[in-house]
Amino acid sequence: MSEGVIYEPGWSNDDVDWTRFDASKVDHELLAAVKAASLVEFNARDYVAYLTRIYQEARPEAMESIRRWGEEEVQHGLALGRWAETADPSFNFREAFARFQAGYKPAHFSGGEGSVRGSRRGEMIARCVVESGTSSFYSAVRDASEEPVLKEIAGRIAADEFRHYRLFYELLTSETEAELPLWRRLWVAVTRVNESDDDELSYAYYCANVAPVDVAHIPYRREAFARAYHAAGMGLYRRHHIDKLVKMVAKPTGINPGGRVASFASAALWRILTAKAGMTRSAPRTSTNAKAA
Ligand SMILES: [Fe+2]
Ligand SMILES: [Fe+2]
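Residues numbered from 1 in each chain as written. Chains lettered and ligands numbered in written order. Predicted model: local features only at pLDDT ≥ 70, side-chain atom pairs only at ≥ 80, totals over all residues.

Within the chain, the regular secondary structure consists of 13 helices and zero strands. Buried positions account for 42% of the 293 residues belonging to the chain. Contacts in the chain between residues far apart in sequence, at least 24 positions, make up 80% of those at least 6 positions apart. (Helix = DSSP H or I, 4+ residues; strand = E, 2+ residues; numbered from the N terminus. Buried ≥ 20, exposed ≤ 12 C-beta atoms within 10 Å, placed from the backbone. Contact = placed C-beta atoms within 7 Å.)

Put into structure tokens, the structure is as follows:
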């Protein structure tokens with residue numbers, strides 16, 4: 001229903017029509033993925049602090065855009081968290097986030113070093129990869145959800161994520177640093193894509209879907225919960241989401257988005273995702289999964 005609606009930036013939870021919530025339309029696997037996503041989004045302030053350290057001296061004019069971007073990511077966390085609490089009153093967004101933040105501390109968030117990508121250009125390519133991923137993910141959630149409020153929220157977030165992609169692409173193309181060689185651009189993009197399998201999503205999935213009372217007998221296992229997250233999220237995608245995702249990632253790396261390399265990558269990624277989506281049976285059981293069963 002929200003497909004085709006143009007959502008403006010700068011929205012808050014007050015702009016969402018919560019009265020349309022329909023508990024009978026909640027998909028419990030999707031709910032598990034939304035809970036995890038709410039924690040990752042709400043953690044954006046650490047990332048803002050990191051990017052600020054990299055940009056404040058070289059590109060002071062970029063500071064306001066980066067600050068606004070961070071606030072929008074935090075708002076995504078608040079909206080998804082409220083929706084998840086509405087769909088599952090046993091879920092406590094703030095409590096789950098506190099556990100996630102206490103346990104997830106990548107070195108570059110706390111260190112005083114420069115960019116882990118080696119340059120501002122590398123950093124912007126990595127951001128473009130992330131925003132490509134989130135805009136595709138929330139477009140897929142919007143298209144898959146039958147629950148009207150989640151459909152609206154995902155539509156609003158997807159629109160923001162496309163704007164974030166444009167912001168970081170513009171920062172990349174207006175960069176005064178020397179251009180990176182193609183191999184280096186590809187390396188940054190590929191390593192950032194691979195990091196999507198790192199602790200961030202799997203630990204967020206664990207904190208969001210294993211209740212505090214169950215933590216003692218359901219320990220965190222990174223690979224198992226990464227599999228659970230993929231099982232909950234990957235089945236949402238349709239081929240057109242993947243084609244768009246690959247085109248968006250190709251552009252900042254300097255690959256022709258309409259060329260043969262991009263179309264080969266698109267077909268390969270689609271095969272991987274459809275294989276991963278079939279892993280639901282081996283995912284660990286959590287309270288949310290148990291409800292869905
Ligand atoms: Fe976001
Ligand atoms: Fe974003």
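Before going further, it helps to spend a moment on the packing of helix α1 (residues 28–42) against helix α9 (residues 199–209). At a minimum axis distance of 8 Å, the contact between α1 and α9 shows a crossing angle of 115°. The orientation of α1 with respect to α9, classified from their angle, is roughly perpendicular. The handedness of the crossing between α1 and α9 comes out as right-handed. Every residue of α9 that contacts α1 at Ala32, Lys35, Ala36, Ser38, Leu39 and Val40 is listed here: Glu200, Leu201, Ala204, Tyr205, Cys207, Ala208 and Asn209. For the contact of α1 with α9, the class distribution of residues is nine nonpolar, two polar and two charged. (Axes fitted to C-alpha atoms, helices over the stretch in contact; angles between N-to-C directions. Parallel < 35°, antiparallel > 145°, perpendicular 65-115°, else oblique. Left-handed = near helix turned anticlockwise from the far one by under 90°. Nonpolar A, V, L, I, M, F, W, Y, C, P; charged D, E, K, R; others polar.)

Turning next to the nonpolar core. With 76 residues, the main nonpolar core has Val34, Ala36, Leu39, Trp83, Ala204, Tyr205 and Tyr229 as its most contacted residues. Looking at this core, the element that brings in the most residues is helix α7 (residues 148–173), giving 11 residues. (Core = buried A, V, L, I, M, F, W, Y, C linked by C-beta atoms within 7 Å.)

Before going further, it helps to examine the packing of helix α6 (residues 120–144) against α7. Here α6 crosses α7 at 160°, and the two axes come no closer than 8 Å. In terms of orientation, α6 lies roughly antiparallel with respect to α7. When the axes of α6 and α7 are compared, the crossing they make is left-handed. Taken together, the residues of the contact of α6 with α7 sort by class into 15 nonpolar, six polar and six charged.

Tracing the chain through its elements places glutamate 146 in the loop between α6 and α7. On a C-alpha basis, the gap between glutamate 146 and aspartate 27 in space is 8.1 Å, while along the polypeptide they are 119 residues apart.

Let us now look at α9. Of all 11 residues in α9, nine are buried; the element is thus mostly enclosed. The complete set of buried residues in α9 reads Leu201, Ser202, Tyr203, Ala204, Tyr205, Tyr206, Cys207, Ala208 and Asn209.

Within the element layout of this structure, valine 149 appears in helix α7. Along the backbone, valine 149 and threonine 19 are 130 residues apart, and their C-alpha atoms lie at a distance of 8.3 Å.

What follows concerns helix α10 (residues 222–233). Compared with the 16 Å implied by 1.5 Å per residue over 12 residues, the 16 Å span of α10 between its first and last C-alpha is a close match. With nine of its 12 residues buried, α10 lies for the most part within the structure. (Expected span 1.5 Å × (residues − 1).)

Predicted confidence across the chain gives a mean pLDDT of 86, with 89% of residues reaching 70 or more. In this model, residues 279–293 is a region of pLDDT below 50 whose contacts with residues beyond four sequence positions or in other chains number 26 contacts. (pLDDT = per-residue confidence, 0-100.)

We now examine the environment of phenylalanine 225. Mapped onto the fold, phenylalanine 225 is located in helix α10. Looking at phenylalanine 225, the number of C-beta atoms within 10 Å reads 25, which means it is buried. With 19 residues separating them along the chain, phenylalanine 225 and tyrosine 206 place their C-alpha atoms 6.3 Å apart.

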